[in-house]
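# Overview (structure and organization)
One letter stands for each residue in the lines below.
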Amino acid sequence: MERDPRVCVMGEDVGHYGGSYKVTKGLAEKYGDLRVLDTPIAENSFTGMGIGAAMTGLRPIVEGMNMGFLLLAFNQISNNCGMLHYTSGGQFTIPIVIRGPGGVGRQLGAEHSQRLESYFQSIPGIQMVACSTPYNAKGLMKAAIRSENPVILFEHVLLYNLKERIPDEEYVLSLEEAEMVRPGEHVTILTYSRMRYHVMQAAKTLVNKGYDPEVIDIRSLKPFDLYTIGCSVKKTHRVLIVEECMRTGGIGASLTAAITENFHDYLDAPIVCLSSQDVPTPYAGTLEEWTVVQPAQIVTAVEQLCQ
């Protein structure tokens, strides 16, 4: 916002309250009420306002207080945000960032535990990225704001408390690149967002058991970084996908199809995909855990894959 006066933020409680997870804390005092705009509880309206602002030259960041609430703005995001550049014959660009917390938290109930990646992935014209560390959250956010394309940035409700030393000098990450988290030889594990930490937890157990997993945080949910993924598949010949998204029609399903289409001849075993169960997320803590992939399941899946 300091670098570019066209950048503005809008959403519920983003102003003087500082956002429900304090992502915009202190910005209203620094940049004023017009650039950090508190909106009514009307997602369809303020998302449409953000898209209109992007069409006319601003670079809005629209926050969904919870990603599940953005279903109320689905028409704006799909029919307008994703398509207007094409349907206007290139007259308009839509440099908007739509971001907010999603995923399964700690007993937030079904409606507040949504994973909307699967809902938005089929919309033409939209890019999707998921951050997983403080470092890549900052780098991807900056890249998304500077992009001429509409970008949906998925943040996870349980990752806001992570701490990490971030470089003082400026850096911007690519919106279309995966991150090699751990090089390995035996199996490629593809994951993103919070599941990165479940995978790394499982990786410690796997190393102790003699396995050498390669872990990739795909980060870019649309488009996939098939170069990085392909290089890994050609090396390990086995793929495990670990996601928090739903099993039916999720990111894992699309990733499985892409790998099968492009790298089938390099696979020595069928692709295995561990996903959340196709049920509304229960409120009870123990039941909630059972719906999401746990490290022990990842260890078992790798052992079976590498037999």
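Residues numbered from 1 in each chain as written. Predicted model: local features only at pLDDT ≥ 70, side-chain atom pairs only at ≥ 80, totals over all residues. Heavy atoms only, no water.

In the nomenclature of an unreviewed UniProt entry, the chain is known as pyruvate dehydrogenase (acetyl-transferring) of Stylosanthes scabra. As stated in UniProt under Function (unreviewed entry), the record for the chain gives "The pyruvate dehydrogenase complex catalyzes the overall conversion of pyruvate to acetyl-CoA and CO(2). It contains multiple copies of three enzymatic components: pyruvate dehydrogenase (E1), dihydrolipoamide acetyltransferase (E2) and lipoamide dehydrogenase (E3)." Its UniProt record gives the chain the following Catalytic activity (unreviewed entry) comment, quoted word for word: "N(6)-[(R)-lipoyl]-L-lysyl-[protein] + pyruvate + H(+) = N(6)-[(R)-S(8)-acetyldihydrolipoyl]-L-lysyl-[protein] + CO2". (UniProt positions renumbered as here; feature names shortened; annotations may be inferred.)

Spatially, the 7 strands line up as an open sheet ordered 2-1-3-4-6-5-10, and their pairing is mixed. Two strands bound the open sheet, and with one partner strand each, they are strand 2 (36-38) and strand 10 (220-222). Pairs of neighbouring strands in the sheet enclose a mean axial angle of 20°, with direction left out of account. Here strand 4 (residues 97-102) runs beside strand 6 (residues 151-156); their pairing, made up of 6 bridges, is parallel. By the bridge assignment for strand 6, P101 is matched with E155. (Pairing = 2+ DSSP bridges. Helix = DSSP H or I, 4+ residues; strand = E, 2+ residues; numbered from the N terminus. Axes fitted to C-alpha atoms, helices over the stretch in contact; angles between N-to-C directions.)

The next subject is the pattern of salt bridges. If you walk through the whole model with that rule in mind, you get 14 salt bridges. A salt bridge links E179 to R219; the nearest nitrogen and oxygen atoms lie 3.3 Å apart. Taken together, the positions of E179 in strand 7 (residues 179-182) and R219 in the loop between strand 9 (213-217) and strand 10 put the pair 40 residues apart, joining distant regions of the chain. The salt bridge involving K235 is made with E214; its shortest N-O contact spans 2.5 Å. With K235 in helix 8 (residues 226-236) and E214 in strand 9, this residue pair connects regions lying 21 residues apart in the sequence. (Salt bridge = Lys/Arg side-chain N within 4 Å of Asp/Glu carboxyl O.)

Here the focus is the nonpolar core. Buried together is how nonpolar side chains tend to be arranged in soluble globular proteins. I77, F120, I152, F154, L190, I218 and I259 are the most contacted members of the largest nonpolar core, which totals 43 residues. Here this core takes 5 residues from helix 9 (residues 251-263), the largest share from any one element. Every residue in contact with I152, bar those within four places of it in the chain, is listed here: M67, I77, I98, F120, I126, Q127, M128 and V129. (Core = buried A, V, L, I, M, F, W, Y, C linked by side-chain atoms within 4.5 Å. Buried < 20%, exposed > 50% of the residue type's maximum accessible area, 1.4 Å probe, protein only. Contact = heavy atoms within 4.5 Å.)

Next up on the list: the packing of aromatic side chains. One pass over the full model with this rule turns up 3 aromatic pairs. Here Y21 and Y160 contribute two aromatic rings whose centre-to-centre distance is 5.0 Å and whose plane-to-plane angle is 25°, an arrangement assigned as stacked. Here Y21 is found in the loop between strand 1 (7-11) and helix 1 (27-31), whereas its partner Y160 is found in the loop between strand 6 and strand 7, with 139 residues between them in sequence. Their ring planes at 15° and their centres at 5.5 Å tell us that F74 and F120 sit as a pair that is stacked. (Phe/Tyr/Trp six-rings, centres within 6.5 Å; stacked < 30°, edge-to-face > 60°.)

Strand order in the open sheet made by the 5 strands is 7-9-8-11-12, with mixed pairing throughout. Either end of the sheet is taken by a strand with one partner, and the two such strands are strand 7 and strand 12 (272-276). With direction set aside, neighbouring strand axes in the sheet form an average angle of 25°. Bridge count between strand 7 and strand 9: 3 bridges; the pairing is antiparallel.

The next thing to look at is the side chain of S118. Within the secondary structure, S118 is located in helix 5 (residues 117-120). The class for S118 is buried, based on a relative accessible area of 18%. Setting aside chain neighbours within four positions, we find S118 in contact with C245, G249 and G250.

Before going further, it helps to examine the packing of helix 7 (residues 195-208) against helix 11 (residues 295-305). Their axes nearest at 8 Å, the elements helix 7 and helix 11 cross at an angle of 55°. Here helix 7 is positioned oblique relative to helix 11, judged by the angle of their axes. For the pair helix 7 and helix 11, the sense of crossing is right-handed. Across from H198, V199, Q201, A202, T205 and L206 in helix 7, the residues of helix 11 making contact are P295, I298, V299 and V302. Residues that form the contact of helix 7 with helix 11 fall into these classes: 7 nonpolar, 3 polar and no charged. (Parallel < 35°, antiparallel > 145°, perpendicular 65-115°, else oblique. Left-handed = near helix turned anticlockwise from the far one by under 90°. Nonpolar A, V, L, I, M, F, W, Y, C, P; charged D, E, K, R; others polar.)

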